[in-house]
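What follows is the residue order along each chain.
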Amino acid sequence: MSSAIYPLLLTAALCVVMVFVLASLGRSGIPGVHAWALANGAAMLSLLLFSAVAGLPALLAVEISEALLGLSICLLYDGFRRFLGRPTPYAVLGAGLALMLAAVAWFHYVVDDPDTRMAIASLLHGGVCLAIAADILRQPHDARLAYAHRFTATAALLFAGGHLGRALAHLAHPRMLAGAAPSLSNSFYLALGTVALPVLTIGAVMMVHERMLAQAEDMANRDYLTGAWNRRALFRFADRELQRARRTGRPLSLLVLDVDHFKRINDLHGHAQGDRVLVDLTAQAGAIIRRFDLFARLGGEEFALLLPEADADAALHAAHRLRQAMQRTLPESSGAIAYTVSIGVATLREEESFSALLGRADVALYAAKEAGRNTVRMAEPPDGLPQAPHARG
Ligand SMILES: Nc1nc2c(ncn2[C@@H]2O[C@H](COP(=O)(O)OP(=O)(O)OP(=O)(O)O)[C@@H](O)[C@H]2O)c(=O)[nH]1
(Lines give C-alpha, C1' and ligand atoms only; values in the text may rest on other atoms or scores of the structure.)
Protein backbone atom coordinates (compact mmCIF):
# COMPACT_ATOMS: atom_id res chain seq x y z
CA MET A 1 0.00 0.00 0.00
CA SER A 2 1.38 3.43 -0.99
CA SER A 3 2.13 5.78 1.92
CA ALA A 4 0.10 8.47 0.13
CA ILE A 5 -3.02 6.50 1.02
CA TYR A 6 -2.73 7.10 4.79
CA PRO A 7 -3.58 10.82 4.73
CA LEU A 8 -6.53 10.00 2.49
CA LEU A 9 -7.83 7.36 4.90
CA LEU A 10 -7.22 9.65 7.86
CA THR A 11 -9.17 12.45 6.19
CA ALA A 12 -11.97 10.02 5.29
CA ALA A 13 -12.15 9.12 8.99
CA LEU A 14 -12.20 12.85 9.88
CA CYS A 15 -15.10 13.35 7.46
CA VAL A 16 -17.03 10.60 9.27
CA VAL A 17 -16.39 12.36 12.60
CA MET A 18 -17.60 15.63 11.03
CA VAL A 19 -20.84 13.95 9.92
CA PHE A 20 -21.47 12.92 13.56
CA VAL A 21 -20.59 16.43 14.84
CA LEU A 22 -22.95 18.02 12.31
CA ALA A 23 -25.68 15.48 13.10
CA SER A 24 -25.51 16.68 16.73
CA LEU A 25 -26.27 20.21 15.46
CA GLY A 26 -29.18 19.04 13.29
CA ARG A 27 -31.75 20.00 15.94
CA SER A 28 -30.47 23.59 16.07
CA GLY A 29 -32.55 24.36 12.95
CA ILE A 30 -29.68 26.53 11.70
CA PRO A 31 -29.63 26.43 7.89
CA GLY A 32 -26.65 24.82 6.17
CA VAL A 33 -25.99 22.02 8.66
CA HIS A 34 -27.54 19.27 6.51
CA ALA A 35 -25.68 20.38 3.38
CA TRP A 36 -22.37 20.35 5.29
CA ALA A 37 -23.09 16.82 6.59
CA LEU A 38 -23.83 15.63 3.03
CA ALA A 39 -20.62 17.31 1.82
CA ASN A 40 -18.58 15.32 4.34
CA GLY A 41 -20.40 12.10 3.41
CA ALA A 42 -19.59 12.64 -0.28
CA ALA A 43 -15.96 13.51 0.51
CA MET A 44 -15.59 10.40 2.65
CA LEU A 45 -16.81 8.14 -0.21
CA SER A 46 -14.58 9.92 -2.68
CA LEU A 47 -11.50 9.59 -0.46
CA LEU A 48 -12.18 5.87 0.01
CA LEU A 49 -12.34 5.46 -3.78
CA PHE A 50 -9.12 7.47 -4.22
CA SER A 51 -7.32 5.33 -1.64
CA ALA A 52 -8.51 2.08 -3.24
CA VAL A 53 -7.48 3.30 -6.68
CA ALA A 54 -5.20 0.35 -7.54
CA GLY A 55 -7.92 -2.25 -7.19
CA LEU A 56 -10.72 -0.33 -8.96
CA PRO A 57 -11.96 -0.01 -12.52
CA ALA A 58 -10.73 3.26 -14.10
CA LEU A 59 -14.18 4.89 -14.14
CA LEU A 60 -14.62 4.46 -10.36
CA ALA A 61 -11.04 5.45 -9.59
CA VAL A 62 -11.05 8.66 -11.59
CA GLU A 63 -14.42 10.00 -12.76
CA ILE A 64 -16.68 8.86 -9.92
CA SER A 65 -14.21 9.82 -7.19
CA GLU A 66 -13.60 13.26 -8.81
CA ALA A 67 -17.37 13.70 -9.18
CA LEU A 68 -17.93 12.92 -5.48
CA LEU A 69 -15.12 15.23 -4.36
CA GLY A 70 -16.40 18.02 -6.63
CA LEU A 71 -19.92 17.44 -5.30
CA SER A 72 -18.63 17.65 -1.73
CA ILE A 73 -17.07 21.12 -2.20
CA CYS A 74 -20.25 22.32 -3.98
CA LEU A 75 -22.39 21.02 -1.08
CA LEU A 76 -20.07 22.74 1.37
CA TYR A 77 -20.60 25.99 -0.53
CA ASP A 78 -24.36 25.38 -0.55
CA GLY A 79 -24.20 25.01 3.25
CA PHE A 80 -22.43 28.39 3.64
CA ARG A 81 -24.90 30.09 1.29
CA ARG A 82 -27.84 28.69 3.29
CA PHE A 83 -26.19 29.65 6.59
CA LEU A 84 -25.66 33.21 5.35
CA GLY A 85 -29.25 33.41 4.07
CA ARG A 86 -28.33 33.72 0.40
CA PRO A 87 -29.71 31.69 -2.51
CA THR A 88 -27.30 29.09 -3.89
CA PRO A 89 -26.51 29.53 -7.61
CA TYR A 90 -27.25 25.86 -8.40
CA ALA A 91 -27.09 26.39 -12.18
CA VAL A 92 -23.56 27.86 -11.96
CA LEU A 93 -22.40 25.14 -9.55
CA GLY A 94 -23.94 22.38 -11.69
CA ALA A 95 -22.37 23.78 -14.86
CA GLY A 96 -18.95 24.09 -13.15
CA LEU A 97 -19.16 20.52 -11.88
CA ALA A 98 -20.29 19.16 -15.28
CA LEU A 99 -17.52 21.05 -17.10
CA MET A 100 -14.91 19.79 -14.67
CA LEU A 101 -16.10 16.18 -15.12
CA ALA A 102 -16.19 16.47 -18.91
CA ALA A 103 -12.63 17.84 -18.89
CA VAL A 104 -11.47 15.12 -16.49
CA ALA A 105 -12.99 12.42 -18.74
CA TRP A 106 -11.38 14.03 -21.82
CA PHE A 107 -7.94 14.07 -20.21
CA HIS A 108 -8.46 10.50 -19.13
CA TYR A 109 -9.91 8.70 -22.15
CA VAL A 110 -8.99 10.95 -25.11
CA VAL A 111 -5.64 12.35 -23.97
CA ASP A 112 -4.31 10.56 -20.91
CA ASP A 113 -2.90 13.52 -19.00
CA PRO A 114 -3.19 13.18 -15.20
CA ASP A 115 -1.55 16.59 -14.58
CA THR A 116 -4.13 18.52 -16.57
CA ARG A 117 -6.86 16.41 -14.93
CA MET A 118 -5.64 17.36 -11.47
CA ALA A 119 -5.17 20.99 -12.46
CA ILE A 120 -8.78 21.19 -13.66
CA ALA A 121 -10.15 19.57 -10.49
CA SER A 122 -8.01 21.96 -8.37
CA LEU A 123 -9.37 24.94 -10.29
CA LEU A 124 -12.94 23.99 -9.35
CA HIS A 125 -12.01 23.47 -5.69
CA GLY A 126 -9.97 26.70 -5.56
CA GLY A 127 -12.77 28.69 -7.21
CA VAL A 128 -15.38 27.40 -4.77
CA CYS A 129 -13.11 28.10 -1.76
CA LEU A 130 -12.64 31.64 -3.06
CA ALA A 131 -16.41 32.06 -3.39
CA ILE A 132 -16.89 30.81 0.20
CA ALA A 133 -14.32 33.32 1.52
CA ALA A 134 -15.86 36.17 -0.49
CA ASP A 135 -19.39 35.37 0.76
CA ILE A 136 -18.32 35.25 4.41
CA LEU A 137 -16.27 38.46 4.15
CA ARG A 138 -19.08 40.29 2.34
CA GLN A 139 -21.72 39.33 4.88
CA PRO A 140 -22.30 42.04 7.50
CA HIS A 141 -22.34 40.34 10.90
CA ASP A 142 -22.68 40.99 14.57
CA ALA A 143 -19.32 41.57 16.37
CA ARG A 144 -20.01 38.48 18.52
CA LEU A 145 -19.68 36.31 15.38
CA ALA A 146 -16.43 37.85 14.16
CA TYR A 147 -13.97 35.20 15.40
CA ALA A 148 -15.48 32.18 13.63
CA HIS A 149 -16.19 34.22 10.49
CA ARG A 150 -12.59 35.41 10.33
CA PHE A 151 -11.22 31.91 10.95
CA THR A 152 -13.36 30.34 8.22
CA ALA A 153 -12.82 33.09 5.66
CA THR A 154 -9.04 32.99 6.23
CA ALA A 155 -8.96 29.19 5.93
CA ALA A 156 -11.06 29.35 2.73
CA LEU A 157 -8.70 31.98 1.29
CA LEU A 158 -5.62 29.88 2.12
CA PHE A 159 -7.18 26.78 0.58
CA ALA A 160 -8.21 28.77 -2.50
CA GLY A 161 -4.60 29.98 -2.89
CA GLY A 162 -3.28 26.45 -2.31
CA HIS A 163 -5.62 24.86 -4.85
CA LEU A 164 -4.89 27.48 -7.46
CA GLY A 165 -1.14 27.11 -6.81
CA ARG A 166 -1.52 23.36 -7.16
CA ALA A 167 -3.31 23.78 -10.50
CA LEU A 168 -0.51 26.03 -11.76
CA ALA A 169 2.16 23.64 -10.50
CA HIS A 170 0.57 20.72 -12.37
CA LEU A 171 0.32 22.74 -15.57
CA ALA A 172 3.80 24.30 -15.32
CA HIS A 173 5.68 21.19 -14.17
CA PRO A 174 3.92 18.08 -15.42
CA ARG A 175 4.81 14.95 -13.44
CA MET A 176 6.43 17.01 -10.65
CA LEU A 177 3.61 16.18 -8.26
CA ALA A 178 2.72 12.78 -9.64
CA GLY A 179 5.88 10.93 -8.68
CA ALA A 180 5.60 8.01 -6.29
CA ALA A 181 8.41 9.34 -4.05
CA PRO A 182 6.95 11.74 -1.45
CA SER A 183 8.61 15.10 -2.20
CA LEU A 184 7.93 18.20 -0.05
CA SER A 185 5.67 19.80 -2.66
CA ASN A 186 3.93 16.49 -3.29
CA SER A 187 3.11 16.04 0.41
CA PHE A 188 2.11 19.70 0.79
CA TYR A 189 -0.41 19.58 -2.03
CA LEU A 190 -1.76 16.21 -0.96
CA ALA A 191 -2.28 17.47 2.60
CA LEU A 192 -3.84 20.68 1.31
CA GLY A 193 -6.29 18.89 -0.93
CA THR A 194 -7.39 16.48 1.75
CA VAL A 195 -7.66 18.70 4.84
CA ALA A 196 -9.56 21.56 3.17
CA LEU A 197 -12.99 20.02 3.67
CA PRO A 198 -12.63 19.01 7.36
CA VAL A 199 -11.01 22.36 8.24
CA LEU A 200 -13.74 24.36 6.51
CA THR A 201 -16.31 22.14 8.23
CA ILE A 202 -14.70 22.96 11.59
CA GLY A 203 -15.06 26.65 10.64
CA ALA A 204 -18.71 26.04 9.79
CA VAL A 205 -19.31 24.33 13.15
CA MET A 206 -17.64 27.28 14.94
CA MET A 207 -19.92 29.66 13.06
CA VAL A 208 -22.98 27.62 14.07
CA HIS A 209 -21.87 27.63 17.73
CA GLU A 210 -21.28 31.36 17.75
CA ARG A 211 -24.68 31.97 16.17
CA MET A 212 -26.37 29.69 18.74
CA LEU A 213 -24.58 31.51 21.59
CA ALA A 214 -25.64 34.89 20.21
CA GLN A 215 -29.23 33.63 19.87
CA ALA A 216 -29.21 32.33 23.46
CA GLU A 217 -27.77 35.66 24.65
CA ASP A 218 -30.51 37.54 22.77
CA MET A 219 -33.18 35.28 24.24
CA ALA A 220 -31.91 36.06 27.73
CA ASN A 221 -31.53 39.80 27.16
CA ARG A 222 -34.19 40.78 24.64
CA ASP A 223 -37.90 41.30 25.02
CA TYR A 224 -39.64 38.65 22.93
CA LEU A 225 -42.45 40.89 21.61
CA THR A 226 -40.63 44.09 20.68
CA GLY A 227 -37.00 42.99 20.32
CA ALA A 228 -36.00 45.83 22.71
CA TRP A 229 -33.53 44.98 25.50
CA ASN A 230 -35.23 43.63 28.61
CA ARG A 231 -35.05 44.80 32.22
CA ARG A 232 -32.22 42.38 33.02
CA ALA A 233 -30.07 43.75 30.17
CA LEU A 234 -30.86 47.34 31.22
CA PHE A 235 -29.66 46.73 34.79
CA ARG A 236 -26.46 45.00 33.62
CA PHE A 237 -25.68 47.72 31.09
CA ALA A 238 -26.56 50.46 33.59
CA ASP A 239 -24.20 48.98 36.15
CA ARG A 240 -21.32 49.22 33.68
CA GLU A 241 -22.28 52.72 32.56
CA LEU A 242 -22.64 53.93 36.15
CA GLN A 243 -19.11 52.81 36.95
CA ARG A 244 -17.83 54.43 33.78
CA ALA A 245 -19.63 57.71 34.58
CA ARG A 246 -18.07 57.71 38.09
CA ARG A 247 -14.61 56.94 36.74
CA THR A 248 -14.65 59.52 33.95
CA GLY A 249 -16.86 62.20 35.55
CA ARG A 250 -19.06 62.12 32.43
CA PRO A 251 -22.86 62.53 32.78
CA LEU A 252 -25.41 59.73 32.49
CA SER A 253 -29.16 60.18 32.01
CA LEU A 254 -32.22 57.99 32.01
CA LEU A 255 -35.61 58.39 30.35
CA VAL A 256 -38.64 56.38 31.43
CA LEU A 257 -41.56 56.43 29.04
CA ASP A 258 -45.03 55.00 29.16
CA VAL A 259 -47.81 54.76 26.56
CA ASP A 260 -50.73 57.00 27.46
CA HIS A 261 -54.07 55.33 28.14
CA PHE A 262 -52.75 52.04 26.87
CA LYS A 263 -55.56 50.13 28.55
CA ARG A 264 -58.00 52.11 26.42
CA ILE A 265 -56.09 51.15 23.24
CA ASN A 266 -56.30 47.48 24.24
CA ASP A 267 -59.98 47.75 25.10
CA LEU A 268 -60.84 49.60 21.89
CA HIS A 269 -58.71 47.72 19.34
CA GLY A 270 -57.80 44.45 21.03
CA HIS A 271 -54.64 43.11 22.66
CA ALA A 272 -52.97 42.26 19.32
CA GLN A 273 -53.24 45.88 18.20
CA GLY A 274 -51.89 46.97 21.58
CA ASP A 275 -48.90 44.73 20.90
CA ARG A 276 -48.54 46.40 17.52
CA VAL A 277 -48.27 49.79 19.23
CA LEU A 278 -45.46 48.46 21.46
CA VAL A 279 -43.59 47.11 18.42
CA ASP A 280 -44.10 50.37 16.50
CA LEU A 281 -42.90 52.45 19.43
CA THR A 282 -39.73 50.34 19.68
CA ALA A 283 -39.07 50.86 15.96
CA GLN A 284 -39.46 54.63 16.40
CA ALA A 285 -36.95 54.59 19.24
CA GLY A 286 -34.53 52.48 17.16
CA ALA A 287 -34.56 55.11 14.41
CA ILE A 288 -33.69 57.94 16.82
CA ILE A 289 -31.31 56.68 19.48
CA ARG A 290 -27.52 56.70 19.19
CA ARG A 291 -25.48 53.51 18.71
CA PHE A 292 -24.40 53.44 22.36
CA ASP A 293 -27.79 54.24 23.94
CA LEU A 294 -29.83 51.37 25.34
CA PHE A 295 -33.59 51.15 24.83
CA ALA A 296 -35.27 48.59 27.07
CA ARG A 297 -38.76 47.40 27.92
CA LEU A 298 -39.21 47.62 31.68
CA GLY A 299 -42.49 45.68 31.53
CA GLY A 300 -46.04 46.20 30.21
CA GLU A 301 -46.16 49.47 28.28
CA GLU A 302 -43.25 51.05 30.16
CA PHE A 303 -39.84 51.53 28.53
CA ALA A 304 -36.51 53.09 29.51
CA LEU A 305 -33.76 54.73 27.52
CA LEU A 306 -30.29 54.93 29.08
CA LEU A 307 -28.20 57.75 27.64
CA PRO A 308 -24.48 57.54 28.40
CA GLU A 309 -22.59 60.85 28.15
CA ALA A 310 -25.87 62.83 28.08
CA ASP A 311 -26.34 65.71 30.54
CA ALA A 312 -29.76 67.08 31.54
CA ASP A 313 -30.07 69.28 28.44
CA ALA A 314 -29.12 66.52 26.02
CA ALA A 315 -31.46 64.07 27.78
CA LEU A 316 -34.33 66.54 27.66
CA HIS A 317 -33.69 67.13 23.98
CA ALA A 318 -33.73 63.37 23.34
CA ALA A 319 -36.96 63.04 25.33
CA HIS A 320 -38.70 65.71 23.25
CA ARG A 321 -37.58 64.04 20.03
CA LEU A 322 -38.87 60.69 21.25
CA ARG A 323 -42.18 62.13 22.40
CA GLN A 324 -42.68 63.74 19.00
CA ALA A 325 -41.69 60.59 17.11
CA MET A 326 -44.07 58.54 19.25
CA GLN A 327 -47.10 60.71 18.63
CA ARG A 328 -48.38 58.31 16.02
CA THR A 329 -51.46 57.06 14.25
CA LEU A 330 -51.37 53.50 12.92
CA PRO A 331 -53.81 52.56 10.15
CA GLU A 332 -56.17 49.75 11.11
CA SER A 333 -59.38 48.35 9.57
CA SER A 334 -61.34 48.82 12.81
CA GLY A 335 -60.32 52.53 12.96
CA ALA A 336 -56.92 54.23 13.21
CA ILE A 337 -54.95 53.64 16.41
CA ALA A 338 -53.54 56.87 17.78
CA TYR A 339 -51.03 56.73 20.58
CA THR A 340 -48.79 59.09 22.54
CA VAL A 341 -46.25 58.68 25.33
CA SER A 342 -45.32 60.52 28.52
CA ILE A 343 -41.68 60.70 29.53
CA GLY A 344 -39.79 61.23 32.79
CA VAL A 345 -36.14 62.31 32.63
CA ALA A 346 -33.43 62.08 35.31
CA THR A 347 -29.69 62.73 35.27
CA LEU A 348 -27.35 60.80 37.56
CA ARG A 349 -26.34 62.49 40.79
CA GLU A 350 -23.08 61.86 42.60
CA GLU A 351 -23.12 58.61 44.58
CA GLU A 352 -26.60 57.78 43.32
CA SER A 353 -27.50 54.13 42.65
CA PHE A 354 -29.22 53.08 39.43
CA SER A 355 -32.37 52.10 41.36
CA ALA A 356 -32.50 55.62 42.84
CA LEU A 357 -32.02 57.17 39.38
CA LEU A 358 -34.81 54.95 38.01
CA GLY A 359 -37.01 55.94 40.95
CA ARG A 360 -36.53 59.66 40.21
CA ALA A 361 -37.23 59.15 36.48
CA ASP A 362 -40.40 57.27 37.47
CA VAL A 363 -41.53 60.13 39.70
CA ALA A 364 -40.94 62.53 36.79
CA LEU A 365 -42.98 60.21 34.53
CA TYR A 366 -45.81 60.29 37.05
CA ALA A 367 -45.62 64.11 37.00
CA ALA A 368 -45.85 64.03 33.18
CA LYS A 369 -48.99 61.87 33.44
CA GLU A 370 -50.43 64.24 36.02
CA ALA A 371 -49.69 67.19 33.74
CA GLY A 372 -52.05 65.78 31.11
CA ARG A 373 -49.87 63.12 29.31
CA ASN A 374 -48.12 63.36 25.91
CA THR A 375 -45.49 65.46 27.65
CA VAL A 376 -42.00 65.40 29.20
CA ARG A 377 -41.05 66.13 32.80
CA MET A 378 -37.61 66.42 34.31
CA ALA A 379 -36.84 64.98 37.74
CA GLU A 380 -35.74 67.63 40.20
CA PRO A 381 -32.30 68.74 38.98
CA PRO A 382 -29.05 67.70 40.67
CA ASP A 383 -27.63 69.87 43.44
CA GLY A 384 -30.57 72.28 43.63
CA LEU A 385 -30.06 73.77 40.17
CA PRO A 386 -33.17 75.40 38.70
CA GLN A 387 -35.73 73.10 37.06
CA ALA A 388 -34.93 72.48 33.40
CA PRO A 389 -37.59 73.50 30.85
CA HIS A 390 -40.16 70.85 29.98
CA ALA A 391 -42.44 72.42 27.44
CA ARG A 392 -44.56 70.13 25.28
CA GLY A 393 -43.35 69.73 21.68
N1 LIG B 1 -51.32 44.57 24.33
C2 LIG B 1 -50.60 44.48 25.44
N3 LIG B 1 -51.07 45.05 26.59
C4 LIG B 1 -50.30 44.98 27.69
C5 LIG B 1 -49.05 44.31 27.71
N6 LIG B 1 -48.54 44.40 28.97
C7 LIG B 1 -49.43 45.11 29.69
N8 LIG B 1 -50.51 45.46 28.94
C9 LIG B 1 -51.70 46.23 29.31
O10 LIG B 1 -51.32 47.58 29.52
C11 LIG B 1 -52.36 48.19 30.26
C12 LIG B 1 -51.76 49.22 31.22
O13 LIG B 1 -52.79 49.96 31.74
P14 LIG B 1 -52.60 51.02 32.90
O15 LIG B 1 -51.46 50.62 33.80
O16 LIG B 1 -53.93 51.18 33.53
O17 LIG B 1 -52.14 52.30 32.20
P18 LIG B 1 -52.73 53.17 31.00
O19 LIG B 1 -54.06 52.69 30.55
O20 LIG B 1 -51.66 53.21 29.95
O21 LIG B 1 -52.91 54.59 31.64
P22 LIG B 1 -51.78 55.66 31.90
O23 LIG B 1 -50.47 54.98 32.00
O24 LIG B 1 -52.19 56.28 33.19
O25 LIG B 1 -51.83 56.62 30.76
C26 LIG B 1 -53.11 47.07 30.96
O27 LIG B 1 -54.41 46.98 30.40
C28 LIG B 1 -52.31 45.83 30.62
O29 LIG B 1 -53.15 44.69 30.44
C30 LIG B 1 -48.61 43.70 26.50
O31 LIG B 1 -47.53 43.10 26.39
N32 LIG B 1 -49.40 43.83 25.40
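Scoring rules and cut-offs
- Residues numbered from 1 in each chain as written.
- Predicted model: local features only at pLDDT ≥ 70, side-chain atom pairs only at ≥ 80, totals over all residues.
- Heavy atoms only, no water.
- Phe/Tyr/Trp six-rings, centres within 6.5 Å; stacked < 30°, edge-to-face > 60°.
- Helix = DSSP H or I, 4+ residues; strand = E, 2+ residues; numbered from the N terminus.
- Buried < 20%, exposed > 50% of the residue type's maximum accessible area, 1.4 Å probe, protein only.
- Lys NZ or Arg CZ within 6 Å of the ring centre and 35° of its normal.
- Domains from an automatic or database assignment.
- Core = buried A, V, L, I, M, F, W, Y, C linked by side-chain atoms within 4.5 Å.
- Contact = heavy atoms within 4.5 Å.
- UniProt positions renumbered as here; feature names shortened; annotations may be inferred.
- Arc of directions from axis to C-beta.
- Near = heavy atom within 4 Å.
- Polar contact = N/O pair within 3.5 Å; in protein donor to acceptor, adjacent residues only side chain to side chain.
- Areas by Shrake-Rupley, 256 points an atom, 1.4 Å probe, with all protein chains shown as cover.
- Nonpolar A, V, L, I, M, F, W, Y, C, P; charged D, E, K, R; others polar.
- Salt bridge = Lys/Arg side-chain N within 4 Å of Asp/Glu carboxyl O.
- Axes fitted to C-alpha atoms, helices over the stretch in contact; angles between N-to-C directions.
- Parallel < 35°, antiparallel > 145°, perpendicular 65-115°, else oblique.
- Pairing = 2+ DSSP bridges.

Enquirer: Can you explain the packing of aromatic side chains? Please cite residues and give values.
Expert: Scanning the entire structure with this criterion turns up four aromatic pairs. Look at phenylalanine 235 and phenylalanine 354: their rings are 5.0 Å apart centre to centre, the planes differ by 90°, and that puts the pair in the edge-to-face class. With phenylalanine 235 in helix α8 (residues 231-248) and phenylalanine 354 in helix α12 (residues 354-370), the pair connects residues that are 119 residues apart, well separated along the chain. Residue classification places phenylalanine 235 among the partly exposed positions, given a relative accessible area of 31%. An aromatic cluster is present here, built from Trp36, Phe80 and Phe83 joined pairwise through their rings. Here arginine 211 stacks its cationic end above the ring of phenylalanine 83, 3.7 Å away from the centre of that ring. Looking at arginine 222, its charged tip hangs above the ring of tryptophan 229, at a distance of 3.6 Å from the centre.

Enquirer: Please set out the domain arrangement of the protein residue by residue, giving values where relevant.
Expert: In terms of domain boundaries, the protein breaks down into domain 1 (5-221) and domain 2 (229-384). A straight line from the C-alpha centre of domain 1 to that of domain 2 covers 51 Å.

Enquirer: Requested: an account of the nonpolar core, with residues and values cited.
Expert: Core analysis: the largest hydrophobic core is formed by 50 residues, its most contacted members being Trp36, Leu76, Phe80, Ile132 and Leu200. Of the residues forming this core, the biggest block, nine residues, is contributed by helix α3 (residues 58-83). With near-sequence residues (within four places) excluded, leucine 200 lies in contact with Leu76, Phe80, Cys129, Ile132, Thr152, Ala155, Ala156 and Phe159. Judged by nonpolar contacts, the second largest core, of 29 residues, contains Ile265, Phe303, Leu322 and Val376.

Enquirer: Got a sec to walk through the UniProt feature "transmembrane region" (unreviewed entry) in the protein? Specific residues and values, please.
Expert: Sequence positions flagged by UniProt for "transmembrane region" (unreviewed entry) are, in local numbering, residues 45-78, 90-111, 117-137, 149-168 and 188-209. This span, residues 90-111, is 95% helix and 0% strand, and a straight line between its end C-alpha atoms measures 30 Å. Within residues 117-137, the helical portion is 100% and the strand portion 0%, while the C-alpha atoms at the span's ends are 31 Å from each other.

Enquirer: Got a sec to walk through helix α9 (residues 262-269)? Specific residues and values, please.
Expert: Phe262, Ile265, Asn266 and His269 are the residues of α9 that are buried. Burial along α9 is one-sided: seen end-on, the buried residues are contained in an arc of 100°. Residues of α9 that are exposed and point over 90 degrees away from its buried face: Lys263, Arg264, Asp267 and Leu268. Check the buried side of α9 and you find it contacts β2 (252-259), α10 (271-288) and β6 (337-339). Looking one or two residues beyond α9, the residue adopting positive phi is glycine 270, at roughly 100°.

Enquirer: Got a sec to walk through the site of the ligand? Specific residues and values, please.
Expert: In the vicinity of the ligand there are 16 residues, among which His261, Phe262, Asp275, Arg297 and Arg373 approach most closely. Contact between the ligand and glutamate 301: an oxygen atom at 3.1 Å from a side-chain N or O atom of the residue. About the coverage of the ligand: the protein hides 66% of its 670 Å² of free accessible area. Breaking the shell around the ligand down by element, the ones donating at least two residues are β2, α9 and α10. When residues of the shell around the ligand are assigned to their parent elements, the largest contribution, four residues, is made by α10. Per-class residue counts for the shell around the ligand are three nonpolar, five polar and eight charged.

Enquirer: A description of the pattern of salt bridges should follow, citing residues and the corresponding values.
Expert: Using the criterion set out here, one finds 16 salt bridges in the structure. For arginine 297, the salt bridge is made with aspartate 223, and the minimal N-O distance between the two is 3.2 Å. You can see arginine 297 sitting in strand β3 (residues 294-299) and its partner aspartate 223 sitting in the loop between α7 (184-221) and β1 (229-230), a full 74 residues away along the chain. When salt bridges with common partners are traced through the structure, they connect Arg81, Arg86, Asp135 and Arg138 into a single cluster.

Enquirer: Report on the packing of helix α4 (residues 90-110) against helix α5 (residues 114-138), specifying residues and quantitative values.
Expert: Think of two packed helices as two axes; the pair is described by the angle between the axes and how far apart they sit. Interhelical geometry of α4 versus α5 gives an angle of 170° and a closest axis separation of 9 Å. When the axes of α4 and α5 are compared, the pair comes out roughly antiparallel. Of the residues in α5, those in contact with Gly96, Leu97, Met100, Ala103, Val104, Phe107 and His108 of α4 are Thr116, Arg117, Ile120, Ala121 and Leu124. Residue classes in the contact of α4 with α5 are distributed as eight nonpolar, three polar and one charged.

Enquirer: How would you explain the environment of leucine 99 if you had to name every residue and give the values?
Expert: Looking at where leucine 99 falls in the secondary structure, it is placed in helix α4. Using a relative accessible area of 62% as the deciding quantity, one classes leucine 99 as exposed. Through-space distance from the C-alpha of leucine 99 to that of proline 198 is 25 Å; in sequence the pair is 99 residues apart.

Enquirer: Could you give an account of the sheet that holds strand β7 (residues 341-347), with specific residues and numbers?
Expert: Overall, mixed pairing links the six strands, which are arranged β1-β3-β4-β2-β7-β8 in an open sheet. The open sheet has two free edges, formed respectively by β1 and β8 (376-378), since each of these has just one partner strand. Where β1 lies against β3, two bridges are found, and the strand directions are parallel. Bridge pairing links asparagine 230 to arginine 297 in β3. The sheet contacts of helix α11 (residues 312-325) involve β2, β4 (302-308), β7 and β8, and relative to β7 the element is tilted by about 170°.

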